[in-house]
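# Structural overview
Residues per chain, in single letters:
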Amino acid sequence: QVQLTESGGGFVQAGGSLRLSCAASGRTFSSLNIGWFRQAHDKEREFVAAITRSAGVTYYADSVTGRFTISRDNAKNTVYLQIKSLKPEDTAIYYCAASTALAGDLKETILYAYWGQGTQVTVSS
């Protein structure tokens, strides 16, 4: 089992920045691919960013490329999502998720077996 806890969400004005954290426990952290997803009100959950287990290869949704940066600190069992130039359309609950898959598209929710409870990000215009 893997437990994931997100933090760092909040209420910010457009153009501001946040850093979300995803702390993991229960399994060797370095063996986990970690993804960030978000779900806005009345919308489906969508992929935001992901980072692979070993090489730390990163993937981003087109809508966030250049503004979001995902990174991991294996010593702290934590993945970060640095967000800058926030827009009102970034308002959503942000979830981190863990995948032990050895292959597959990390943009797909089906690849992730473990999910956190989410952290709310609200961006005012």
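Above this text is the structure in question.
Residues numbered from 1 in each chain as written. Predicted model: local features only at pLDDT ≥ 70, side-chain atom pairs only at ≥ 80, totals over all residues. Heavy atoms only, no water.

Generally speaking, nonpolar side chains in soluble globular proteins are found buried as a group. Counting residues in each nonpolar core, the largest one holds 35 residues, and the members touching the most others are L4, W36, V48, V79, L81 and Y94. Looking at this core, the elements that each hand over two or more residues are β3 (18-25), β4 (33-39), β5 (46-51), β7 (68-73), β8 (78-83), β9 (92-99) and β11 (119-124). The residues contacting V48, other than those within four sequence positions of it, are W36, F37, R38, Y59, Y60, A61, V64, F68, L81 and Y94. (Core = buried A, V, L, I, M, F, W, Y, C linked by side-chain atoms within 4.5 Å. Buried < 20%, exposed > 50% of the residue type's maximum accessible area, 1.4 Å probe, protein only. Helix = DSSP H or I, 4+ residues; strand = E, 2+ residues; numbered from the N terminus. Contact = heavy atoms within 4.5 Å.)

Looking at chain direction, strand β1 (residues 3-7) and β3 are connected through five bridges and run antiparallel. Counterpart to L4 in the pairing with β3 is A24. In the sheet, β3 pairs with β8 via six bridges, with the strands oriented antiparallel. Directly across from S21, in β8, lies its bridge partner Y80. (Pairing = 2+ DSSP bridges.)

Further remarks concern unusual backbone geometry. Its identity is not glycine, yet D42 carries a phi of approximately 65°, on the positive side. Note on placement: D42 falls in the loop between β4 and β5. The exposed category is assigned to D42, whose relative accessible area is 72%. Phi is positive for N77, close to 55°, though the residue is something other than glycine. With respect to the element layout, N77 can be found in the loop between β7 and β8.

What follows deals with the sheet that holds β3. A sheet is described by the order of its strands in space; here four strands give the open sequence β1-β3-β8-β7, paired in antiparallel fashion. Across the chains shown, the open sheet's two edge strands, defined by having one partner strand only, are β1 and β7. Here the average twist between neighbouring strands, direction ignored, is 15°. (Axes fitted to C-alpha atoms, helices over the stretch in contact; angles between N-to-C directions.)

Looking down a regular strand, the side chains alternate between one sheet face and the other. Direction of pairing for strand β2 (residues 10-13) relative to β11: parallel, over a ladder of four bridges. Among the inter-strand pairings, F11 is bridged to a residue of β11, identified as T122. In this structure, β9 lies alongside β11, joined through three bridges in antiparallel fashion. The residue bridging Y94 from the neighbouring strand is T119, located in β11.

For the rest of this paragraph, the subject is the state of the cysteines. In a disulfide, the sulfur atoms of two cysteines are held together by a covalent bond. Summed over all chains, the structure comprises one disulfide. Across the disulfide from C22 sits C96; the S-S distance is 2.1 Å. Across the S-S bond linking C22 and C96, the dihedral sits near 65°, which makes this disulfide right-handed. On the criterion of sequence distance, the pair formed by C22 in strand β3 and C96 in strand β9 is long-range, its members being 74 residues apart. Taking the relative accessible area as the measure of exposure, C22 reaches 0% and is therefore buried. When its relative accessible area of 0% is taken as the criterion, C96 is described as buried. (Disulfide = S-S within 2.5 Å.)

These figures capture arrangement, not role.
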